[in-house]
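Below, each chain spelled out in residue letters.
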Amino acid sequence: MFDTTKEDLKDILRQVDKGSLQLPDFQRDYVWGDEDVRSLIASIAKGFPVGALLTLGTGGAVHFKPRLLAGVAPKQVAPSELLLDGQQRITSLYQSMMAKEPVRTRTPRGATVERYYYLDIERAIDGHTSFDEAIVGVPADRVVRADFGRTIVLDVSTQEAEFANDLFPLNRVFECHKWLYPWRDYWRVRDRDRDVAAIEEVFFNEVLERIDDYKMPIIKLDKENSRESICLVFEKVNVGGKKLDAFELVTAIYAADEFDLREDWNGSA
């Protein structure tokens, strides 16, 4: 019926990027806000547990229409697994840590914004500073403005500006050395008294490597499960986003790929 395992976060995100891990189309849209994303990034960077995922193998008697997670480049590919629970977490991590486009998220007031996330290197390795303070979000143009746009507070629109501000782009975390090596060279030219090698070693060992090695627990439902079993398990473990109510869940489970629940919600069916 099911198995439990752990997989590297980077491998899960690569499956999302390839399209081998998708969502069942009845899942509601990505809804997490900026504060949710920051909190999740901090938990991963500190090695804290963030909950298990729930997946369902495809190819069984129950056929759900699949769709790619938000932020994944369009592609025509059949998934090998569907993500039943964990959409908000995995979408947030994919968009912030692997996608090259900004994260589409929401402010506390509900406005949709686009954000790139950075790690402030000095703050990230300062044991006296909350790690949350090391996470820096910037707009899609990578320029932070104040005074109704008249004053530039931070500009990291070029790689050299990232180096100068010691801001590591989070979406380079799984290829970190391609950024760290030129950052180290940048500072060796400009400040010979700064021990950038020591800073790099601590930042890599205590932050980046922890993210790179992070493993997430997964409950894997095999494709032979019945509609009733899938419905029951999904209802019990669904923890994120906006839950389906009982009618929507039963409709999605029993109608499967013969009925587009999302179109019905939107009034277009």
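Structure: above.
Chemist: Is there a simple way to think about empty space enclosed by the protein in this case?
Modeler: Empty space among the atoms becomes visible once a probe the size of a water molecule is rolled across them. Taken as a whole, this structure holds three cavities of 30 Å³ or more when the rule is applied. In this model, the second largest cavity occupies a volume close to 50 Å³. Forming the boundary of the second largest cavity are Gln95, Ser96, Glu101, Pro102, Val103, Arg115, Tyr116, Tyr117, Tyr118, Arg142, Leu170 and Asn171. Among the secondary structure elements, those contributing two or more residues to the lining of the second largest cavity are helix 3 (87-97) and strand 7 (112-120). Tallying contributions element by element places strand 7 first for the lining of the second largest cavity, with four residues. Within the lining of the second largest cavity, the residues separate by chemical class into six nonpolar, three polar and three charged.

Chemist: Before we go on, may I ask you to explain the pattern of salt bridges in this structure?
Modeler: Oppositely charged side chains can pair when the atoms bearing their charge come close. If you walk through the whole model with that rule in mind, you get 20 salt bridges. Where Lys220 meets Glu81, a salt bridge forms, and the shortest distance between an N and an O atom there is 2.8 Å. Taken as a pair, Lys220 in strand 12 (residues 215-221) and Glu81 in strand 5 (residues 81-85) lie far apart in primary sequence, 139 residues in all. On the accessibility criterion, Glu81 (13% relative accessible area) is buried.

Chemist: Where do I start with the packing of helix 1 (residues 9-18) against helix 3 in this structure?
Modeler: For the pair helix 1 and helix 3, the least separation of the axes is 10 Å and the interaxial angle reads 90°. Between helix 1 and helix 3, the interaxial angle falls into the category roughly perpendicular. Facing Leu9, Ile12, Leu13, Val16 and Asp17 of helix 1, the residues of helix 3 in contact are Ile90, Leu93, Tyr94 and Met97. A class-by-class count of the residues in the contact of helix 1 with helix 3 yields eight nonpolar, no polar and one charged.

Chemist: Teacher, can you tell me more about the sheet that holds strand 5 here?
Modeler: Across the sheet, six strands lie side by side as 1-12-3-5-2-4; this open sheet has mixed pairing. Single-partner strands in this sheet number two, and they are strand 1 (2-8) and strand 4 (66-67). Bridge count for strand 1 against strand 12 is seven bridges, and the pairing is antiparallel. What sits directly across from Lys6, in strand 12, is Pro217. Contacting strand 1, strand 2 (21-24), strand 3 (53-57), strand 5 and strand 12, helix 1 runs over the sheet at an angle of about 100° to strand 1. Where helix 3 meets the sheet, its contacts fall on strand 2, strand 3, strand 4, strand 5 and strand 12, and the angle it forms with strand 5 comes to roughly 115°.

Chemist: Could you clarify how one ought to interpret the layout of surface pockets in this entry?
Modeler: Considering only enclosed or pocket space, the largest pocket measures out at about 270 Å³ in volume. Contributions of two or more residues to the lining of the largest pocket are made by helix 3, strand 6 (103-106) and strand 7. At three residues, the largest contribution of residues to the lining of the largest pocket is made by strand 6. In the lining of the largest pocket, the residues fall into six nonpolar, five polar and six charged.

Chemist: For this particular structure, what's the right way to read the packing of helix 6 (residues 177-190) against helix 7 (residues 196-212)?
Modeler: Two quantities define a packed helix pair, namely the angle between the axes and the distance from one axis to the other. Where helix 6 meets helix 7, the axes come as close as 10 Å, and the angle between the chain directions of the two elements is 155°. Taken as axis vectors, helix 6 and helix 7 run roughly antiparallel relative to one another. The hand of the helix 6/helix 7 crossing is right-handed. For the pair formed by helix 6 and helix 7, the contact residues are His177, Leu180, Tyr181, Trp183, Arg184, Trp187 and Arg188 on the first element and Val196, Ala197, Ile199, Glu200, Phe203, Phe204 and Leu208 on the second. Here the residues of the contact of helix 6 with helix 7 are counted per class, giving 10 nonpolar, one polar and three charged.

What counts, and where the lines are drawn
Residues numbered from 1 in each chain as written. Predicted model: local features only at pLDDT ≥ 70, side-chain atom pairs only at ≥ 80, totals over all residues. Heavy atoms only, no water. 1 Å grid on protein atoms, 1.4 Å probe; cavity = no way out; pocket = protein on both sides within 12 Å on 5 of 7 lines; lining within 4 Å. Points joined across faces, edges and corners; volume = space filled by probe spheres on them. Helix = DSSP H or I, 4+ residues; strand = E, 2+ residues; numbered from the N terminus. Nonpolar A, V, L, I, M, F, W, Y, C, P; charged D, E, K, R; others polar. Salt bridge = Lys/Arg side-chain N within 4 Å of Asp/Glu carboxyl O. Buried < 20%, exposed > 50% of the residue type's maximum accessible area, 1.4 Å probe, protein only. Axes fitted to C-alpha atoms, helices over the stretch in contact; angles between N-to-C directions. Parallel < 35°, antiparallel > 145°, perpendicular 65-115°, else oblique. Contact = heavy atoms within 4.5 Å. Pairing = 2+ DSSP bridges. Left-handed = near helix turned anticlockwise from the far one by under 90°.

Spatial relationships are all this shows, so hold off on functional conclusions.
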